[in-house]
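# Fold and geometry: a report
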Amino acid sequence: MMKLLLVDDEQIEREGMQAILEKSFSTLLIEQARNGQEAAEMARTFQPDLILMDIKMPGINGLEAVKMIKEEFPDIQFIMVTAYDTVEYLHQAIKLGVKDYLLKPSRASDIVSVVGKVLEKIEAEHLSLEKRRIQQQKTLALAETDIITQLLFDHVHDVHVDLLVEMLEIPYTTDMYVMLLLVPAGEEHIYPLVKEKIRSRKTGWIGAIYGNQLPIIICCDHEKTYRSQAMNLARELISLSKAKTDGWFIGIGSVCKSLKEIRQSYQHALIASMDTSLPVKYRFYEDVPKIGNKSDGKPRIHQRKEFSDQIRFGEWEYIKRYVNEMITYYEKKGTSIHYTQQRVLEVLWVAARVMSELGMEVETPVYSYELKNVNELKRATDHMFEGMKQLYVIHYNRLEADTFHKLKQYIFEHSHEDISLESLGQLVELSPIYISKMFKEKLGINYIDFLTQCRMEKAKALLGDSKKSIKEITFETGYHDPNYFSKVFKKMCGITPMEYRKSVLRK
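Residues numbered from 1 in each chain as written. Predicted model: local features only at pLDDT ≥ 70, side-chain atom pairs only at ≥ 80, totals over all residues. Heavy atoms only, no water.

## Quick notes on the sheet that holds strand β4 (residues 77–82)
Convention followed: Whether two strands pair depends on DSSP finding at least two bridges between them. Under the scheme used here, helices are H or I runs from DSSP no shorter than 4 residues and strands are E runs no shorter than 2 residues, and both carry numbers assigned from the N terminus. Lines fitted to the C-alpha atoms define the axes, with helices restricted to the stretch that makes contact. Angles between their N-to-C directions range from 0 to 180 degrees. Any two residues having at least one pair of non-hydrogen atoms within 4.5 Å are treated as being in contact.
The parallel open sheet is built from five strands, whose spatial order is β2-β1-β3-β4-β5. Each end of this open sheet is capped by a strand with a single partner; those strands are β2 (29–33) and β5 (100–103). With direction set aside, neighbouring strand axes in the sheet form an average angle of 20°. Direction of pairing for strand β1 (residues 3–7) relative to strand β3 (residues 50–54): parallel, over a ladder of four bridges. By the bridge assignment, Leu 4 is partnered in β3 with Leu 50. Running over the sheet, helix α2 (residues 36–45) touches β1, β2 and β3 and is turned about 145° from β2. Sitting on the sheet, helix α3 (residues 62–72) touches β3 and β4, and the angle it makes with β4 is about 175°.

And the structure:
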């Protein structure tokens, strides 16, 4: 409901104006003020959308009251009511942003016409703001899922992380962990419910579903223990499924101290979710049965974030050498073939899961027969590695030579739009994670950095046009909030948009 405030020191004028307006605008909520000071006070309590302000009043006159109210409430609109049709008054009113004026006395039809036009403009602006708010929410959702994807699989510029934390208004703690929700085929519709659950708790960020994986970054609640917080949330998420299918499972990674270490927690969540046949449909990494103990002395390189990168970049010789060294190490220690086999399988499982993330159809590695000695283990493992390597090479060679150029060109031409990894994946029929890998591999940056660079270059060109406002440039470069745009510009370029414009215009 629209609200209007009538300001006039003459009661008969206020009452007459209110009677005319109530007859023509039945849904309009109207209040009255007797002078400029009272109008300023009612602007705070009543919060009108439009004020009809008489110019000539004792004490604070109408123009002074408009200036006072505008400073605190810049979105309130004004129509001046005056018996003094002079250029000087109108000039001052226009400078203050007054939308229109009425002369005393005015016909009822003129009053209705002028007020009606301004109310229509206000309503249109409200609708426009609501559309921008909805669009901004969609943009934030895209940014959230993309940045989480790259936090877990790539690198994200600190600019984007800092601003995302600020915009999402999620309490940010130094302790966090990853929950990896495995979603069965046909249950993808559960995603909005999971997102709503995470949002309502205001403790985490949710990524996008890739394959059957839904990664969630959870910030620790220091009023609860890590295990109790994670168990309660895991149970709530599992309960969202009406199907109660066996495919549902949650792997819970270990706590890390910063977003820079979050990939380690993801790797742990990955390992915790390997065996989905357990009766309890969630498992902590720290509860994964350890075959042997740390005293075996062999570093578990495959549990580090760098190992996943080596698989994504196809460094198969390094991976193969690592496994062979592992087998030789345990052979010299006289470890049982069963123990060694399980340790090797752990490496193969991680490699297979990463390949699945890249869009390759790879089966979970298993040994098809009982291995009796180290030589059989080496042959069987080499055979599986060769098959995985060939699958990787075939997948990579399927990419057309101009795929990356096509992606760059598309981002450059559409940088003013909301672009996500998922939309880029649909454009070239590739896994979003694989596209992220391509940018990191070929440019040394991720796609968000490249998109931001394109937007900043466009912003710099537009800032050279003094007729364009910062608000206009914000929307033309693909942002929906001028404050957010200005913060990104300053962090990326070192100065504010206005400072950049002044420097360009001076030159």
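## Quick word on the UniProt feature "modified residue: 4-aspartylphosphate" (unreviewed entry) in the protein chain
Basically, it comes down to this: UniProt positions are given in the numbering used here, feature names are shortened, and annotations may be inferred rather than shown by experiment. Each residue gets one of three labels from its accessible area relative to the maximum for its type: buried under 20%, exposed over 50%, partly exposed in between, using a 1.4 Å probe on protein chains only.
Listed under "modified residue: 4-aspartylphosphate" (unreviewed entry) in the UniProt record, and renumbered for this structure, are Asp 54. Summarising the element assignment, Asp 54 is placed in strand β3. Owing to a relative accessible area of 3%, Asp 54 belongs among the buried residues under this scheme. Apart from residues lying up to four places away in sequence, Asp 54 is in contact with Val 7, Asp 8, Asp 9, Gly 62, Val 81, Thr 82 and Lys 104.

## A short note on the packing of helix α7 (residues 191–201) against helix α8 (residues 226–238)
For clarity, the threshold we go by: Take the far helix as your reference; a near helix turned counterclockwise from it by less than a right angle gives a left-handed crossing, and one turned clockwise gives a right-handed crossing. In this count, Pro and Cys sit with the nonpolar residues alongside Ala, Val, Leu, Ile, Met, Phe, Trp and Tyr, while Asp, Glu, Lys and Arg are called charged and the others, Gly among them, polar.
Close contact between α7 and α8 brings their axes to 10 Å; oriented N to C, the two are set at 145°. Seen from above, α7 lies across α8 with right-handed handedness. Of α8, the residues touching α7 (which contributes Val 194, Lys 197, Ile 198 and Arg 201) are Gln 229, Leu 233, Glu 236 and Leu 237. A per-class count over the contact of α7 with α8 returns four nonpolar, one polar and three charged.

## Some points on the sheet that holds strand β9 (residues 249–252)
Spatial strand order, β7-β8-β6-β9-β10: five strands in an open sheet with mixed pairing. This sheet does not close on itself; its edge strands, each paired only once, are β7 (204–206) and β10 (282–284). Pairs of neighbouring strands in the sheet enclose a mean axial angle of 20°, with direction left out of account. Inspection of the sheet shows β9 paired to β10 by three bridges, in the parallel sense. Considered in β10, the bridge of Ile 250 is made with Tyr 282. Along the sheet, α7 contacts β6 (176–182), β7 and β8 (213–219); its crossing angle with β7, the most-contacted strand, is approximately 160°.

## A few points about the side chain of Thr 82
Mapping Thr 82 onto the fold places it in strand β4. For Thr 82, a relative accessible area of 1% corresponds to the buried category. Once you skip the residues sitting within four places of it in the chain, Thr 82 turns out to touch Asp 54, Ile 55, Leu 102, Leu 103 and Lys 104.

## Focus: the pattern of salt bridges
If the charged atoms of two oppositely charged side chains come close together, the side chains can form a pair. Heads up, the condition is: Each salt bridge in this description consists of a side-chain nitrogen of Lys or Arg and a carboxyl oxygen of Asp or Glu lying within 4 Å of one another.
Across all of its chains, the model carries 13 salt bridges by this definition. Note that Glu 236 and Lys 197 form a salt bridge whose closest N and O atoms lie 3.5 Å from each other. Placement of the pair is Glu 236 in helix α8 and Lys 197 in helix α7, with a sequence separation of 39 residues. What makes Glu 236 partly exposed here is its relative accessible area of 25%. Under the relative-accessibility criterion, Lys 197 is labelled partly exposed at 24%. In this structure, Glu 236 engages Arg 201 in a salt bridge whose closest nitrogen and oxygen atoms are separated by 3.0 Å. One end of the pair, Glu 236, is in helix α8; the other, Arg 201, is in helix α7, and 35 residues separate them in sequence.

## Here we look at helix α9 (residues 262–272)
With 10 of 11 residues buried, α9 lies mostly within the body of the structure. Within α9, the full set of buried residues consists of Ile 262, Arg 263, Ser 265, Tyr 266, Gln 267, His 268, Ala 269, Leu 270, Ile 271 and Ala 272.

## Description of the packing of aromatic side chains
Each pair of aromatic rings is reported with the distance of its centres and the angle of its planes. Operational definition: Paired rings are identified among Phe, Tyr and Trp, the last through its six-membered ring, by centres lying within 6.5 Å, and are further divided according to the angle between planes into stacked (under 30 degrees), edge-to-face (over 60) and tilted (the rest).
Tallying each qualifying case throughout the model produces 12 aromatic pairs. Taken together, a centroid distance of 5.8 Å and an interplanar angle of 45° make the contact between Phe 439 and Phe 450 tilted. Residue Phe 439 is located in helix α16 (residues 432–443), and its partner Phe 450 is located in helix α17 (residues 447–463); the two are separated by 11 residues in the primary sequence. Given a relative accessible area of 12%, Phe 450 falls into the buried group. Members of the aromatic cluster, joined through ring pairs, are Tyr 479, Tyr 484, Phe 485, Phe 489 and Tyr 500.

## Overview of unusual backbone geometry
Lys 104 connects to Pro 105 through a cis peptide bond whose omega is -15°. In this fold, Pro 105 is placed in the loop between β5 and α5 (108–153). If you check the backbone angles, Gln 47 has positive phi at about 50° while not being a glycine. Considering the arrangement of structural elements, one finds Gln 47 in the loop between α2 and β3. On the basis of relative accessible area, Gln 47 is assigned to the partly exposed category, the value being 48%.

## What to know about the confidence of the model for the protein chain
Applicable threshold: The predictor reports its confidence for every residue as pLDDT, a score running from 0 up to 100.
Considering every residue of the protein chain, the mean pLDDT works out to 81; 85% of them sit at 70 or more. Overall, residues 291–295 carries pLDDT values under 50, and its contacts beyond four positions in sequence, including any with other chains, amount to five contacts.

## Quick notes on the environment of Ala 461
In this structure, Ala 461 sits in helix α17. With a relative accessible area of 59%, Ala 461 lands in the exposed category. For the pair Ala 461 and Ile 473, spaced 12 residues apart in sequence, the C-alpha separation works out to 9.8 Å.

## Topic: the pairing of β1
Put simply, the rule is: Crossovers are described as right-handed under a simple rule: with the strands pointing away from the observer, the path leading from the first strand over the helix to the second runs clockwise.
With four of five residues buried, β1 lies mostly within the body of the structure. Of the strand pairs in this sheet, β1 and β2 are connected by five bridges, and their pairing is parallel. Each residue of the ladder has a partner; that of Val 7, found in β2, is Ala 33. On the question of chirality, the crossover connecting β1 to the parallel β2 by way of helix α1 (residues 11–24) is right-handed.

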